[in-house]
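A structural walkthrough
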Amino acid sequence: MNRYTILVYTENFIGILNRITIIFTRRGINIDALTASESRLDGIHKITIEVTVTDEKIIQLSKQIEKVVDVIKVYYFMDDEVVYQEIALYKIPTESLDPSLEKVIRQFNAHIIAAEKEFVVLEFTGHKEDTQALLEILKKFNLLEFARSGRVAIAKPKFSITEYLNNQT
Amino acid sequence: MVRGADIVVRSLIAENAEFIFGYPGGAIMPVYDALYDYSDQIRHVLTRHEQGAIHAAQGYARVSGKVGVVLATSGPGATNLITGLADAQIDSTPLVCITGQVAAHLLGSDAFQETDVIGLSMPGTKWNIQVRRVEDIAPAIAKAFHIAKTGRPGPVLVDITKNAQVEFGEFNYEPCLGIRSYRPYVAINPTAIAAAAQLINDAKRPYVLYGQGVILANAEQELKGFLDKSGIPAASTLLGSGAISQDHPSYVGKLGMHGNYAPNILTNQCDVLIAIGMRFDDRVTGDLKRYAKQAQVVHLELDPSEIDKNVKCAVPVLGDCKQSLPLLTDAVNSNNHHDWFQKFRELDKEEKAAVMSYDLESTHGGLHMGEVIQLINQFKDENAILVSDVGQHQMISWRYFHYKESRTQVTSGGLGTMGFALPAALGAQLHDFKRQVICVVGDGGIQMTIQEFGTIMQTKAPVKVVLLNNNYLGMVRQWQQLFYDKRYSFTELENPDFIKIAEAYKLKAVKVTERHELKEAVAQMILHEGPFFLEVVVEKEDNVFPMIATGCSVEEVRLS
């Protein structure tokens, strides 16, 4: 089993996300994380799916996804072939703020992005291992809430959706 | 300006749809109202259940090669289509299903007969769309037809809210010529052709397996050309039957769980396996771990997701086999594999002695299903269509029906849908009243859609319905006998008087219980002008052999 990042470029079509996720559901494969947003091209959406499967499965999965009519193109990558980030937010009670926490914030280069009377919110981006490490530490500071995004990723190998679309057969 | 409902009908006419198979209801009533004005341009067939409508459309599509069109209302009308959608999806049958939906402002409010048809039909459609505005109707239908019939065909569903059907809009129909995210055909890679030809030319025991892909690509002549030149033995999948005539010298039989003995066993003795338009279904391969491991596989296939899905191939030839087959034919050497063919002939003798003589030549005891099919062969036209349901009779009729032409085989292959045959036969018959359409069903399956006798009565479609009645859910009973210690758990049926039912629907009906009555009854049926119902009471506990039991290898095919 390997961790893969699947990049799916799609038309902006109602239900497209459902059409893609049922491919995983049907095969009993759990999606580790998923993010969807508009790509830099008007009308084209980019869905980033993180999944842990065998080499064989990832090939089949990407072919099945690419078969979906409104999917333009699918790429999949191993972790070392993508540059990726995840964002994490941590809500901590104000009373927990003390010099040792300051040290942690500096060490991780995290940011305080909101400060209220009762709590502050820290933001930190990185790989899951990094955001997880900070989470473990902050648990000792009476962490109130935690949220983490799926990964956003950019592939290292060169490819161009624009070029692909222009090469219509 | 015209109403959305008129746009629906005029779009279907613009796509040259001849038939609509459907059933009215509240949310589709505006379209039904519009249909009233176009009855001279498009024919609506009122079935007795939406499942009947979609199977009829499948039967029509399978024999005509055209897109089958289905019309149903929202809620239960739409959910009744689900079985047919799943069936058409797995058997790659082109359909456009149009369902009515509650008005857009009611979506999500649990309105009367509202159901999430888009969500429900998603796994069973190649594509689906909900249309909520009148101006989107024609483009959606155009796209639906394009997607249904191009590439690997499949069912498409267009859900149209009631408000869109009653709003007024312009009608300027523009057929869909392409979709940027959808590339149904890929260019043939000449390197793959060369590599495939090399393997084939070097092979000592090459073997062709062909499937429905050949028929869907209209590549029957191209397959024949390839076989004529290469002289390679060729076996058919269930749905590939008819792609070449069984009289062709290369034809060696049928593959799979209840296929022929030689084609299964020799799959594990060939050195190059050339799969054409087939997807290595588990009913064909048996245990994959012991399937053709000695062979190098060449796979001619349109759908990239089928490559390496079940069987790893040495040379994938992606693309339309109508294009790739002639290229491959040019590149292979003329040959005849005399000794290799001989191996098939020898094993055929074993099957004939162990199975066929019992199935076809018994002179006493109960009637066997095979005898009925053999008599049908005697009287049928060359281009007669066999529509079968699912179960023992399906396997027996497939084994013994003499396929001579393409698109003469209609059955539910991938999904195995009992109840498929009667409505599918109706649809096949409506395509051409002059073609013989013989519908073979079991006593279980016929009762799942028996209401479609009503549609046969109303359309006067001259379908010949042959009920092979063993008073059992025969295939399940066979498995219970072989694998569940004869514990016949809920497989015996107390049946109605089928003759009375058929006669109530004004079908000419004949029942045969004795061997000596059979020939005359079959002849009478074939010669009868209108619809005909023939019930043949057959041996209760016959089994279908050869058989590859679940989990067994193709070479473990058993004769008894």
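**Observations regarding the overall build of chain A**
Across its full length, chain A carries 5 helices and 9 strands. For chain A, the sequential pattern of α-helices and β-strands runs β-α-β-β-α-β-β-α-β-β-α-β-β-α. A principal-axis box enclosing the C-alpha atoms of chain A has dimensions of 65 × 35 × 30 Å. Buried positions account for 25% of the 169 residues belonging to chain A. Across chain A, the fraction of contacts at a sequence separation of at least 24, relative to all contacts at a separation of at least 6, is 76%.

**Focus: the overall build of chain B**
A count of helices and strands for chain B gives 22 helices and 20 strands. Since a compact globule built from 560 residues should have a radius of gyration of about 24 Å, the 24 Å found for chain B is in line with a globular shape. When the backbone C-alpha atoms are referred to their principal axes, chain B occupies close to 70 × 60 × 40 Å. Across the 560 residues that make up chain B, the buried fraction comes to 56%. Considering only residue pairs separated by 6 or more positions, chain B has 79% of its internal contacts joining residues 24 or more positions apart.

**A look at the packing of helix H16 (residues 369–379) of chain B against helix H17 (residues 392–400) of chain B**
Residues and elements named next belong to chain B. For the pair H16 and H17, interaxial distance at closest approach is 9 Å and the crossing angle is 40°. Overall, the two elements H16 and H17 adopt an arrangement that is oblique. Our pair here, H16 against H17, has a crossing hand that is right-handed. For the pair formed by H16 and H17, the contact residues are Met369, Gly370, Ile373 and Gln374 on the first element and Gln392, His393, Ile396, Ser397 and Tyr400 on the second. Its residues placed into classes, the contact of H16 with H17 shows 4 nonpolar, 5 polar and no charged.

**Looking at the environment of Gly225 of chain B**
Residues and elements named next belong to chain B. Its place among the elements puts Gly225 in helix H11 (residues 220–230). Judged by the 16 C-beta atoms lying within 10 Å of it, Gly225 falls in the partly exposed class. For the pair Gly225 and Asp247, spaced 22 residues apart in sequence, the C-alpha to C-alpha distance is 15 Å.

**A closer look at the nonpolar core**
Val70, Val96, Val158, Ile276, Val298, Val387 and Cys439 of chain B are the most contacted members of the largest nonpolar core, which has 201 residues in total. Here the element with the most residues in this core is helix H7 (residues 137–149) of chain B; it accounts for 8 residues. Residues within four places of Val70 of chain B in sequence aside, it is in contact with Phe21, Gly22, Ala53, Ile54, Ala57, Leu81, Leu95, Cys97 and Ile98 of chain B. Counting 7 residues, the second largest nonpolar core, distinct from the first, contains Ala88, Ile92, Leu122 and Phe124 of chain A.

**Overview of the sheet that holds strand S18 (residues 464–469) of chain B**
All names here are of chain B. Overall, parallel pairing links the 6 strands, which are arranged S16-S15-S17-S18-S20-S19 in an open sheet. Sheet topology places strand S16 (409–411) and strand S19 (508–512) at the edges, where each strand pairs with a single neighbour. Direction aside, the axes of adjacent strands within the sheet are offset by 15° on average. Judged from the 3 bridges that link them, strand S15 (residues 385–388) and S16 form a sheet pairing that is parallel. Bridge pairing links Val387 to Val410 in S16.

**With respect to the packing of helix H1 (residues 4–14) of chain B against H7 of chain B**
Residue and element names in this part refer to chain B. Where H1 contacts H7, the two axes come as close as 9 Å, and the packing angle between them is 25°. The orientation of H1 with respect to H7, classified from their angle, is roughly parallel. Considering how the two elements wind past one another, H1 and H7 form a crossing that is right-handed. The segment H1 lies against H7, with Gly4, Ile7, Val8 and Ser11 engaging Ile137, Ala138, Ile141 and Ala142. In terms of residue class, the contact of H1 with H7 is made up of 6 nonpolar, 2 polar and no charged.

**Concerning the pairing of strand S5 (residues 82–93) of chain A**
All names here are of chain A. Inspection of the sheet shows S5 paired to strand S9 (residues 152–155) by 4 bridges, in the antiparallel sense. What sits directly across from Val82, in S9, is Ala155. Direction of pairing for S5 relative to strand S7 (residues 119–126): antiparallel, over a ladder of 8 bridges. The partner of Ala88 across the bridge, within S7, is Phe124.

**Observations regarding helix H14 (residues 321–331) of chain B**
Residues and elements named next belong to chain B. All buried positions along H14 are accounted for by Cys321, Ser324, Leu325, Leu327 and Leu328. For H14, the angular spread of the buried residues around the axis is 165°, confining them to a single face. In this fold, the buried residues of H14 make contact with helix H9 (190–202), helix H10 (212–216), H11, strand S12 (272–276), strand S13 (296–301) and strand S14 (315–318).

**Regarding H11 of chain B**
A turn of α-helix holds 3.6 residues, and therefore any two residues three or four places apart point the same way. Residues and elements named next belong to chain B. Among the residues of H11, those classed as buried are Glu222, Leu223, Phe226, Leu227 and Ser230. End-on, the buried residues of H11 take up no more than an arc of 135°, which puts them together on one face. Tucked inside the fold, the buried residues of H11 contact H9, strand S9 (206–210), H10, strand S10 (234–236), S12 and H14. Gly231 sits one or two positions beyond H11 and adopts a positive phi of about 60°.

**Things to note about the sheet that holds strand S1 (residues 2–11) of chain A**
All names here are of chain A. A sheet is described by the order of its strands in space; here 4 strands give the open sequence S2-S3-S1-S4, paired in antiparallel fashion. Strands at the two margins of the open sheet, each flanked by one partner only, are strand S2 (31–38) and strand S4 (71–78). Each strand axis lies, on average, 15° off the axis of its neighbour in the sheet, ignoring direction. Against the sheet, helix H2 (residues 55–67) makes contact with S1, strand S3 (44–53) and S4, and its axis sits at roughly 165° relative to S4, the strand it touches most.

**A short note on unusual backbone geometry**
All names here are of chain B. Between Phe545 and Pro546 the backbone carries a cis peptide bond, its omega angle lying at -5°. Counting through the fold element by element, Pro546 comes out in the segment after strand S20 (532–537). Its identity is not glycine, yet Asn218 carries a phi of approximately 55°, on the positive side. By secondary structure assignment, the location of Asn218 is in the loop between H10 and H11.

**With respect to the confidence of the model for chain B**
Detailed conclusions should not be drawn from predicted coordinates in areas where pLDDT is low. In the predicted model, chain B carries a mean pLDDT of 98, and the fraction of residues at 70 or more is 100%. Quick note on the complex model: pTM equals 0.96, ipTM equals 0.94.

**Some points on the environment of Gly178 of chain B**
Within the fold, Gly178 of chain B resides in the loop between strand S8 (168–169) and H9. Residues Gly178 of chain B and Thr150 of chain B, 28 residues apart in the sequence, show an inter-C-alpha distance of 9.8 Å.

Conventions we followed
- Residues numbered from 1 in each chain as written.
- Chains lettered and ligands numbered in written order.
- Predicted model: local features only at pLDDT ≥ 70, side-chain atom pairs only at ≥ 80, totals over all residues.
- Helix = DSSP H or I, 4+ residues; strand = E, 2+ residues; numbered from the N terminus.
- Buried ≥ 20, exposed ≤ 12 C-beta atoms within 10 Å, placed from the backbone.
- Contact = placed C-beta atoms within 7 Å.
- Rg over C-alpha atoms; globule rule 2.2 N^0.38 Å.
- Axes fitted to C-alpha atoms, helices over the stretch in contact; angles between N-to-C directions.
- Parallel < 35°, antiparallel > 145°, perpendicular 65-115°, else oblique.
- Left-handed = near helix turned anticlockwise from the far one by under 90°.
- Nonpolar A, V, L, I, M, F, W, Y, C, P; charged D, E, K, R; others polar.
- Core = buried A, V, L, I, M, F, W, Y, C linked by C-beta atoms within 7 Å.
- Pairing = 2+ DSSP bridges.
- Arc of directions from axis to C-beta.
- pLDDT = per-residue confidence, 0-100.

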